[in-house]
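One letter stands for each residue in the lines below.
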Amino acid sequence: MKTNSRLKMRNPRRRLVIGAIALLTAGLAIGVAATVSSAGQTPAHALDRIPAHILQNGTPIPVSPEMIRVSNAWLDSDGVTLVAVYAGSAGTDPATGRFVIVRQNTQTGQQTLTIVNVPGARVLSIVKPPTGPGVETSAQRGKLPFQTAGGMRGMLNLSNNTAGPR
Amino acid sequence: MRLGLRFPAAAVAVLAAAMGAVLAQSSPANAAAPTAVTAWYMYGTTESALDSAAKSDGCTFARNHPGTGNRVMVLDFGAARNIAGGWGTVDFSNVEFSNGKILTALENASDGVHNCYTQGTTTITYGNSNYHLSSSGMSDSDVYNVGYYQEQRAAELATYESSRPDQYAAAASDMEPSWNGSTNTRELVTGATARAFAVYYDYGSADGCPTTGSGGSCNNGWSVSTVAYVSFYGEAVPLPEIYRPLSTLAAQWTVVRRNWNANHSSGYSFWGVTGEPGYAQAGWDDLANDNSGLVARELVCFGC
């Protein structure tokens, strides 16, 4: 086997964050988040800024319908880190509202996928999120307003992956 | 298990070793789940961004390669589309990339794996999906050509990798019953099998299929036998999504296996699992427990 260009292997940095808070206020529950990540580094990198925006209808969804039935999605990148939030309901439990958050660092190759559930909320939709080029970095750790199928409003906090009442 | 991977002549010896490892890696009863390897969703909005992201991903994959055997690196470029009279995808930021640009990105991934090599061998895989193919105007023959030319691009990637015996090439698709009709989706596999360069991984779901028996209906007019076709006909091999509820999804795929075996002389086996972050190994275990000795030790995971 070819062994040139070998570098010392760095053990994957993995972290598992599982938070579960059962706070029910105004019919909204703070969700459960599970994140696993691995990191690496790479040379040369092309910046790819994507102003924060709601993805157009018809934009492909990467996540299986068995994980989430998507109602809408929001995407934002400052050229290094990217966040995509998919809102909807759990694929195999329509009563559970769900967000799937995909985060990438396009310089290091790091990618995480985080699920935040809102039990009993049914379908969630992102409404009036931060948009535009001015919030490319700040919005990634900010709050995303959302609405449940029943019309109740809440906030997805991207700094700690929890959802609660507005 | 079928030997579907094809490689440049210079890599035949390595291929034999790698495939031997795959064969030896099928799951005996109660075998521990393999370490998960990362797969990536591609969000680039420019060609240069797609290239550099793929290179970063390749480097990260290589640095975290968990062993001396062969592991599969899936880059999911989005939904298959007709791009300016040719083929390609629209990625997850809603930007179209032709197959030529995707090949360049895959070559960058190859460079990344090479530059950061630590151990083992890597199959770099051109992934797409069946997301809304018909409703975006793609006919059955269009979809056939998508599968055919995915395999062709895998062949071209293998040529690029020819001086790197620790790398292989393949194609893949996230084929989800809920996303597109069954007749149209089948053409991905039929086209890929007509070109037949390498295996064609199905890392999709058996969405809505039954959890008992050996047949029945699935979501969106699909049947269990169609899921069996897109995951095991010709070059297709299954790398099924086993997400929560793990036991339900593992049971759906067990029904798919039974269906294939009831209707064909060849025996269905799983070439691994696509897992959910935090639950990937448990998902592999569930499928292996239901299909003892029939699940290869491969575990890819978007977000692990």
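All values reported here derive from a predicted model rather than from experimental measurement.

(A) View of the overall build of chain A. When helices and strands are counted, chain A shows zero helices and 13 strands. Reading chain A from its N terminus to its C terminus gives the helix and strand order β-β-β-β-β-β-β-β-β-β-β-β-β. Counting all 166 residues of chain A, 49% fall into the buried class. Residue pairs at least 24 apart in sequence account for 57% of intrachain contacts in chain A once pairs closer than 6 positions are excluded.

(B) Region of interest: the sheet that holds strand β10 (residues 124-126) of chain A. Residues and elements named next belong to chain A. The strand order across the open sheet formed by four strands is β10-β11-β12-β13, and the pairing between neighbours is antiparallel. In this open sheet, the two strands that pair with only one neighbour each are β10 and β13 (162-165). Geometrically, the sheet is characterised by an average inter-axis angle of 35° between neighbouring strands, direction not taken into account. Sheet analysis places β10 next to strand β11 (residues 143-148), joined by three bridges and oriented antiparallel. Counterpart to Leu124 in the pairing with β11 is Thr148.

(C) Geometry of the interface of chain B and chain A. With 54 residues of chain B in contact, the opposing surface of chain A contributes 44 residues. Of all the secondary structure elements, the ones that give two or more residues to the side of chain B that touches chain A are β1 (37-41), α2 (47-63), β2 (70-83), α3 (99-115) and α7 (246-263) of chain B. The element best represented in the side of chain B that touches chain A is α2 of chain B, accounting for 10 residues. Taken together, the residues that form the side of chain B that touches chain A break down as 21 nonpolar, 24 polar and nine charged.

(D) Structural detail: the nonpolar core. Ranked by size, the top nonpolar core spans 136 residues in total, and within it Ala84, Val85, Tyr86, Phe99 and Val100 of chain A together with Leu75 and Tyr201 of chain B carry the most contacts. Here this core takes eight residues from helix α4 (residues 140-160) of chain B, the largest share from any one element. With sequence-adjacent residues up to four places away left out, Ala84 of chain A is seen in contact with Ala73, Leu75 and Val102 of chain A together with Tyr43 and Phe92 of chain B.

(E) Local environment of the packing of α2 of chain B against α3 of chain B. All names here are of chain B. Two elements in contact, α2 and α3, have axes whose closest approach is 7 Å; the angle formed by their N-to-C orientations is 30°. Read as a crossing pair, α2 and α3 show a hand that is right-handed. From α2, Glu47, Leu50, Asp51, Ala54, Lys55, Ser56, Asp57, Gly58, Cys59, Phe61 and Ala62 reach across to α3, where they touch Lys101, Thr104, Ala105, Leu106, Asn108, Ala109, Ser110, Asp111, Gly112, Val113 and Asn115.

(F) Representation of the packing of helix α6 (residues 224-232) of chain B against α7 of chain B. Residues and elements named next belong to chain B. Closest axis-to-axis distance for the α6/α7 pair is 9 Å, and the angle between their directions is 85°. Here α6 is positioned roughly perpendicular relative to α7, judged by the angle of their axes. Residues Val224, Ser225, Val227, Ala228, Ser231 and Phe232 of α6 pack against Val255, Val256, Asn259, Trp260 and Asn263 of α7. For the contact of α6 with α7, the per-class residue count stands at seven nonpolar, four polar and no charged.

(G) Layout of α6 of chain B. All names here are of chain B. α6 sits mainly inside the fold: eight of its nine residues count as buried. Taken together, the buried positions of α6 are Val224, Thr226, Val227, Ala228, Tyr229, Val230, Ser231 and Phe232. Backbone geometry just downstream of α6 places Gly234 in the positive-phi region, at approximately 55°.

Each value, and the rule that gives it
Residues numbered from 1 in each chain as written. Chains lettered and ligands numbered in written order. Predicted model: local features only at pLDDT ≥ 70, side-chain atom pairs only at ≥ 80, totals over all residues. Helix = DSSP H or I, 4+ residues; strand = E, 2+ residues; numbered from the N terminus. Buried ≥ 20, exposed ≤ 12 C-beta atoms within 10 Å, placed from the backbone. Contact = placed C-beta atoms within 7 Å. Pairing = 2+ DSSP bridges. Axes fitted to C-alpha atoms, helices over the stretch in contact; angles between N-to-C directions. Nonpolar A, V, L, I, M, F, W, Y, C, P; charged D, E, K, R; others polar. Core = buried A, V, L, I, M, F, W, Y, C linked by C-beta atoms within 7 Å. Left-handed = near helix turned anticlockwise from the far one by under 90°. Parallel < 35°, antiparallel > 145°, perpendicular 65-115°, else oblique.

The analysis is restricted to geometry; functional conclusions fall outside its scope.
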